[in-house]
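The primary structure of each chain is shown beneath.
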Amino acid sequence: MSDSSGTPLRRVRVHHLRQAKERGERVTMLTAYDAPTARILDDAGTDVLLVGDSVGDNVLGHTTTIPVTVDDMVHHTRAVAGAVRRALVVADLPFGSYEASPEQAHATAVRLMKEGGAHAVKFEGGRRVAEHVRLLTSSGIPVMGHVGFTPQSENVLGGKRVQARGDDAAQRLTEDAVALQDAGAFAVVLEMVPAPAAARVTEVLAVPTIGIGAGPDCDGQVLVWTDMAGLTDWSPRFAKRYAEIGATLGAAARAYNEDVRSRTFPSDAHSFAE
C-alpha cells in the first residue's frame, strides 16, 4: 500500500486503509505473535499485523482461542508492537474481556493500547457489540470489527462452520457489518462466509472489508501466519501455504542434532582461541 504519489507509507494508519479501498488497492494483513516474526512480516511490507487471540491454538498449545487471557494478549502485543516500523498493529480482545458491557470492552482495550502498544483493537460480533464500538471509538480507540464465523462463539455455532448461507443470513451479515461501520469501526473482518455474501458486504460498506475464507472480492485478506508459511501440520481450506517452514525447521534441527552427536559442531570456526 502506498500513497497517491507511489511513495511507501512510513506508518500505516487507520485512514490509509479507507484510502486504499477508495483507490481499489488491496490491504494485506497477517497475524503475528512475537518480535522476530513481526519484524520479518513488517519488513516484507505487510500493511496490518494482527495480534490475534489465535495465539491460543497456534502458539500457546490450547485447542481453541477460549483460554487466552488479557495478560496473554498484552504480553504478545507488546512484543509485536515493539518490533514494527510500518505496519498497523491490531490486537484482539480475548473471550470474556468485552462481552458484558461497553465499559468492560473499554477497560480491556485501554490495557492493550497502554500496556501492549496496540494501535487499534478488534473484537467479534455485529449489532450486539455496536455500542461497544461506539464507546471505544468516541474515546479515541480505533476498532476493527469481525463478523461471519466468530471463533470465540464456536461452541454456540456448532463448531467451525461457514456462516451467512442463504439470503436471510446474508442479509443479517450485511446488517451486522453496517452497524459496526455506523458505530465507528474503521474496517470489518469477514470470516468463513460465502464469497457472494462477502462481495455484497464489501459493496455496501464505505470502510474496507478484510476476508479470511470469504472469497476474492474483499478489500483485503488476512491469514494466520503459521498457516500461510506452512508451520502447521494442517491448514484450513481457505489458507494458501506459501512455504513449508515447518519442514525446513525440522530438517535444520535434525542436522544440528546429528552434528552435535557426531562432534562435528562446534568446530574451530565456532570456537574462541586463547
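As recorded in an unreviewed UniProt entry, the protein goes by the name 3-methyl-2-oxobutanoate hydroxymethyltransferase, listed as coming from Actinotalea ferrariae CF5-4. Here the protein is described in UniProt, under the heading Subcellular location (unreviewed entry), as follows: "Cytoplasm". According to the UniProt record, the Subunit (unreviewed entry) comment for the protein reads "Homodecamer; pentamer of dimers."

Novice: Just to check I follow, could you spell out the nonpolar core for this structure?
Specialist: What tends to happen in soluble globular proteins is that the nonpolar side chains get buried as a cluster. With 56 residues, the main nonpolar core has Leu49, Val80, Val121, Phe123, Leu136, Val188 and Leu190 as its most contacted residues. Tallying contributions element by element places helix 8 (residues 167-183) first for this core, with five residues. Phe123 has contacts with Leu93, Tyr98, Val129, His132, Val133, Leu136, Val143, Met144, Gly145 and His146, leaving out every residue within four places of it along the chain. Grouped together as the second largest cluster of nonpolar side chains are 17 residues, Val12, Val48, Leu50 and Val189 included.

Novice: Hey, could you run me through the pairing of strand 6 (residues 187-191) in this one?
Specialist: Note on strand geometry: in a regular strand, side chains alternate between the two faces of the sheet. Counting buried positions over the five residues of strand 6 gives five, a clear majority of the element. Pairing of strand 5 (residues 143-148) with strand 6, which is carried by five bridges, proceeds in the parallel orientation. The partner of Gly145 across the bridge, within strand 6, is Val188. With four bridges connecting them, strand 6 and strand 7 (residues 209-212) associate as parallel partners. Bridge pairing in strand 7 places Leu190 opposite Gly211. Between the parallel elements strand 6 and strand 7, the chain passes through helix 9 (residues 195-204) in a crossover that is right-handed.

Analysis parameters
Residues numbered from 1 in each chain as written. Predicted model: local features only at pLDDT ≥ 70, side-chain atom pairs only at ≥ 80, totals over all residues. Heavy atoms only, no water. UniProt positions renumbered as here; feature names shortened; annotations may be inferred. Core = buried A, V, L, I, M, F, W, Y, C linked by side-chain atoms within 4.5 Å. Buried < 20%, exposed > 50% of the residue type's maximum accessible area, 1.4 Å probe, protein only. Helix = DSSP H or I, 4+ residues; strand = E, 2+ residues; numbered from the N terminus. Contact = heavy atoms within 4.5 Å. Pairing = 2+ DSSP bridges. Right-handed = clockwise from strand over helix to strand, strands pointing away.

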